[in-house]
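Remarks on the overall topology
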Amino acid sequence: MTTEKKSIASGLVLAFLGSIAFSGKAIIVKLAYRHGVDAVTLIMYRMLFALPIFAVMAWWASRGKPPLTRKDWLGVLGLGVTGYYLASFLDFAGLAYISASLERLILYLNPTLVVLLGWLLYGRGIRWAQAAGMLVSYGGVVLVFGHEANLQGANAAWGTLLVFLSAVSYAIYLVYSGEMVQRLGSLRLVGLATTVACLCCLLQFVVLRPLSAAVVAPEVVWLSVLNATLCTAAPVLMVMMAIERIGAGMAAQTGMVGPLSTILMGVWILGEPFTVWVAAGTVLVMAGIFIFTRMARRA
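Residues numbered from 1 in each chain as written. Predicted model: local features only at pLDDT ≥ 70, side-chain atom pairs only at ≥ 80, totals over all residues. Heavy atoms only, no water.

Looking at where Ala-15 falls in the secondary structure, it is placed in helix H1 (residues 3-33). Distance in space between the C-alpha atoms of Ala-15 and Met-238 is 6.4 Å, their sequence separation being 223 residues. (Helix = DSSP H or I, 4+ residues; strand = E, 2+ residues; numbered from the N terminus.)

Our next topic: the confidence of the model for the protein. Interpretation of this model should avoid reading the predicted coordinates in detail wherever pLDDT is low. Residue-level pLDDT values for the protein average 86, and 94% of them are 70 or greater. No element of the protein has a lower mean pLDDT than helix H11 (residues 276-298), which averages 81, and none a higher one than helix H2 (residues 39-62), which averages 93. (pLDDT = per-residue confidence, 0-100.)

Right, let's get into the environment of Arg-245. When you line up the elements, Arg-245 lands in helix H9 (residues 218-252). It is 25 Å that separates the C-alpha atoms of Arg-245 and Leu-51, two residues lying 194 residues apart in sequence. Leave out the neighbours within four places in its chain, and Arg-245 touches Ser-7, Ser-10, Gly-11 and Leu-14. A polar contact of 3.1 Å, which involves the side chain of Arg-245, links it to the side chain of Ser-10. (Contact = heavy atoms within 4.5 Å. Polar contact = N/O pair within 3.5 Å; in protein donor to acceptor, adjacent residues only side chain to side chain.)

Take the packing of aromatic side chains next. Counted under the stated rule, the structure contains 4 aromatic pairs. Between Tyr-45 and Phe-49, the aromatic rings sit 6.1 Å apart at their centres with planes inclined by 25°, giving stacked as the arrangement. You can see Tyr-45 and its partner Phe-49 sitting in helix H2, 4 residues apart, about one turn around the helix. Owing to a relative accessible area of 29%, Phe-49 belongs among the partly exposed residues under this scheme. Consider the rings of Tyr-84 and Tyr-173, whose centres lie 5.0 Å apart with planes at 55°: the pair is tilted. In this pair, Tyr-84 is assigned in helix H3 (residues 70-95) and Tyr-173 in helix H7 (residues 154-184), connecting sequence segments 89 residues apart. Residue classification places Tyr-84 among the buried residues on the basis of a relative accessible area of 7%. A relative accessible area of 1% places Tyr-173 in the buried class. An aromatic cluster is present here, built from Tyr-84, Tyr-170 and Tyr-173 joined pairwise through their rings. In this arrangement the basic side chain of Arg-63 is found over the ring face of Trp-59, its NZ or CZ atom lying 5.9 Å from the centre. (Phe/Tyr/Trp six-rings, centres within 6.5 Å; stacked < 30°, edge-to-face > 60°. Buried < 20%, exposed > 50% of the residue type's maximum accessible area, 1.4 Å probe, protein only. Lys NZ or Arg CZ within 6 Å of the ring centre and 35° of its normal.)

And the structure:
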């Protein structure tokens, strides 16, 4: 196997494993919400435990490297705020109102958002078959959303909007991170950008909540440790390394394992119902993304 093929294969494996690890995040968040914690406090704990990991990562990757320019620092700040802080907080907030299954289906639309941003920002074309795949996948999300809206009313609409904005924020990160990854390296960029995001989440808690709000159930603390390591630090690094090997577009196409693993864990761990509406919506989303990604590769 050639070096190039090995790089592509390892990139796909990293993106695949990162997708599974990211999927577990929604399950952990939903479990933590059962102990009366809110999104601001929960994400503070997640980032508090993740901060040392990313700070060490940034230091290690920066050894012997030239210092960052002002433009680099601005880029790191922008990616940290959009790709990790905003995307994470909006996702956590949305999960308080919708099921883990619907959340993962919305986030699975990420490749379509990357292409839409490419069209809006750079004038890149969208093939008719890609547009058809997008319509099918968005139709699947609407189907599952309609089912949840019948059960939860306006809460489902608000949660869906928050998670969709999270997906948009992460798509912006993917679009702009590719060039910086090539220049700075995945490890260094991950460490710096996520350190920025961790500090933003800590500052947000200090500004919006009294310090007494940090007193939470022990289960919340342990779930946050698991979230910070297995579902934050590890997958973030894997996705950035995947981007370095296969590019932002392919890294966004993490395969069917993401939504499927979330749905299975949601049914098994959270006791979420697996109805015909969820099944039909999932099939539509995955079929639409399959069509979309095949057309994207051909393009």
